[in-house]
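Geometric and topological summary
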Amino acid sequence: MRRYFSAKVLAVSVLSLCFASPVLAHHIQKSKNTYLPVTTSSAKARSLYEKGMVDYENLYLERCNDEWRAAVKEDPNLGVAWAWIAFNSGNPEEISEARAKALAIAPKLTPGEQLMIAWISKIQEGRFIEGIAAMNDMLEMYPRDKHLLYLAANWLMGENGNDQAQRFLEKALAIDKSFPAALNDLAYVHARERNFQKALAEMDRYVALLPKEPNPQDSYGELLRMAGNFEGSLKHYRMALKIDPDFVTSQLGLGDTYALMGNEEQARVEYDKAIRYAHNEADRLSYSMQRAMTWVREGKFARADADFLEIAQNSHAKAQGLQEAQAYRHMAEYQADEQVALRDLTLAEQALHHQAAISASDRDEEMSRILRTRAVRATHLGNQTLAEQSLHQLEEMASASRNIVIQSSYQGAAGTLLMEQKKYDEAISHLEEDQDNPFTMELLLQAYYQTNQSDKLHEMEVKLRGTNVATMEQALVVPGVRATRPTI
């Protein structure tokens, strides 16, 4: 399993931004130290912080939070620990407070620590370009710190920046060829490229390096599922749970795999266990949404409505505005009635403003998804005014941000509206910038057919049919495509 920091491909790649942070430009030079220093007066706090980083690399994603929380109790001025709490917590209030504390402490820290805090905080504040610059400056200062290279690569993968992530991971492995976390992420990069032979060979090395850890088995299960080997996937998820019964992401993995296999009843059994043992409220709500999607896969939309509505209400009660918005947006994605879908999208947008603590980046990314769905639904309804207003708002967001989720939302919406106008060549230029989304892939099949691009049509059809990710988009598109005869 991989946890990514916020989390899609960009026409002008954000990964090419290598300019220096204006605040710290005068500090940017290679450090004499191999590793980024940690400023603390407490040996115990340092030990707890470092243990948290190891656990983060091994995907104990709540245990590392607990260790960083314990570290700042020992030393409230341990700024990078506050930053990583902000980075990884699922509690919006805690994220906001931790980020504020990290920023307040930052001027007292070393330049490298200041850059780490700037990277995390600026991304969360929606200042994407400045955040990228701080990350690049940090890596330039400590080019031999394999852990920083991994952390940057892991974040980039969450932004679908696979090419640059691969370069960072290869640099980390050049420093230490047996660095487990880098091997894990590199296997995911190759799996995304559908080079499963290479990915699984790297996964074999990862398992051999950490035979007593659950995450290598968990990751193996996920990659086999991506490759369509569902029985092998289930086997490895069970192996992970045998190593650590509390490794809840593997329990979730069982649910996701059964869902993709079409065994929705068993998927709900597995999801119920994951929900019961979730380590925090944000995860519990997210797992509940995965469970609700099983009703969509079965075509039982009234049951899905009931579950998603309950999730939205629970999210509201527990001050989890992002999950509340996601639940309403998911409802809008499968509604047959366009007016009902637009109503759900209004509720989703309102949910983003129920709680001030939602980070700017999370709010903007989710808003971009809402606008994309609204533009498409309005087009289907024949409300061109609303469709164009939504697209214009998206275009303004995309022009002001290098955030790849926002860019993808804009490109997908623009391409969809052009398809409705039968402007296929123009549509393709937008849709190809969002071609990991099953909604977009389905439109590209139509566009390639209309423009007689048989090679691209075949390639996209194979990719779409082979998409095995447990998302709403996959549930609504891929099973239907698989039920039809291939075009070629």
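Here the structure is a predicted model, which means the values were calculated and not measured.

1. Comments concerning the overall build of the chain
Helix and strand counts for the chain come out as 25 helices and zero strands. Considering only C-alpha atoms, the chain reaches an extent of 65 × 45 × 45 Å along its principal axes. Looking at the chain as a whole, 59% of its 488 residues qualify as buried. Split by element, the accessible area of the chain, about 20300 Å² in all, is 50% carbon and sulfur. The average position of the 54 basic charges and that of the 67 acidic charges among the side chains of the chain differ by 4 Å.

2. Structural notes on the layout of surface pockets
Roughly 410 Å³ of internal volume is contained in the second largest pocket. Forming the boundary of the second largest pocket are 20 residues, of which Glu-50, Met-53, Glu-57, Asp-145 and His-147 lie nearest the centre. At the level of elements, helix H1 (43-57), helix H7 (146-158) and helix H9 (180-192) are the ones that each hand at least two residues to the lining of the second largest pocket. Broken down by element, the lining of the second largest pocket gets its largest block of residues, six residues, from H1.

3. As for the packing of helix H23 (residues 438-450) against helix H25 (residues 472-482)
Running from N to C, H23 and H25 cross one another at 35°; their axes reach a closest spacing of 8 Å. In this structure, H23 uses Pro-438, Phe-439 and Glu-442 to contact H25, whose residues at the interface are Glu-473, Gln-474, Leu-476, Val-477, Val-478 and Val-481. A class-by-class count of the residues in the contact of H23 with H25 yields six nonpolar, one polar and two charged.

4. Comments concerning the side chain of Thr-451
Structurally, the position occupied by Thr-451 is in the loop between H23 and helix H24 (454-465). When residues no more than four places from it in sequence are discounted, the contact partners of Thr-451 are Tyr-424, Asp-425 and Ile-428.

5. Quick look at the confidence of the model for the chain
A low pLDDT means the predicted coordinates there should not be read in detail. Per-chain confidence: the chain averages 92 in pLDDT, with 93% of residues scoring 70 or above. This stretch, residues 4-27, has a pLDDT under 50; its non-local contacts, to residues over four places away or in other chains, come to 64 contacts.

6. Some words on the packing of aromatic side chains
Counted by the stated rule, this structure contains 13 aromatic pairs. With 4.1 Å between their ring centres and 35° between their planes, Trp-84 and Phe-87 make a pair best called tilted. You can see Trp-84 and its partner Phe-87 sitting in helix H3 (residues 79-88), three residues apart, about one turn around the helix. Both residues of the pair, Trp-84 and Phe-87, count as buried. Judged by centre distance (6.0 Å) and plane angle (70°), the rings of Phe-87 and Trp-119 are edge-to-face. Of the two residues, Phe-87 is situated in helix H3 and Trp-119 in helix H5 (residues 111-124); the sequence distance between them amounts to 32 residues. The burial state of Phe-87 is the same as that of Trp-119; both residues are buried. Through a chain of ring-to-ring contacts, the aromatic side chains of Tyr-56, Trp-68, Trp-84, Phe-87, Trp-119, Phe-128 and Trp-155 assemble into a single cluster. When the ring centre of Tyr-60 is taken as origin, the NZ or CZ atom of Arg-63, which lies over that ring, is 3.7 Å away.

Rules behind the numbers
- Residues numbered from 1 in each chain as written.
- Predicted model: local features only at pLDDT ≥ 70, side-chain atom pairs only at ≥ 80, totals over all residues.
- Heavy atoms only, no water.
- Helix = DSSP H or I, 4+ residues; strand = E, 2+ residues; numbered from the N terminus.
- Buried < 20%, exposed > 50% of the residue type's maximum accessible area, 1.4 Å probe, protein only.
- Areas by Shrake-Rupley, 256 points an atom, 1.4 Å probe, with all protein chains shown as cover.
- Lys, Arg positive; Asp, Glu negative; His and termini not counted.
- Charge placed at Lys NZ, Arg CZ, Asp CG, Glu CD.
- 1 Å grid on protein atoms, 1.4 Å probe; cavity = no way out; pocket = protein on both sides within 12 Å on 5 of 7 lines; lining within 4 Å.
- Points joined across faces, edges and corners; volume = space filled by probe spheres on them.
- Axes fitted to C-alpha atoms, helices over the stretch in contact; angles between N-to-C directions.
- Contact = heavy atoms within 4.5 Å.
- Nonpolar A, V, L, I, M, F, W, Y, C, P; charged D, E, K, R; others polar.
- pLDDT = per-residue confidence, 0-100.
- Phe/Tyr/Trp six-rings, centres within 6.5 Å; stacked < 30°, edge-to-face > 60°.
- Lys NZ or Arg CZ within 6 Å of the ring centre and 35° of its normal.

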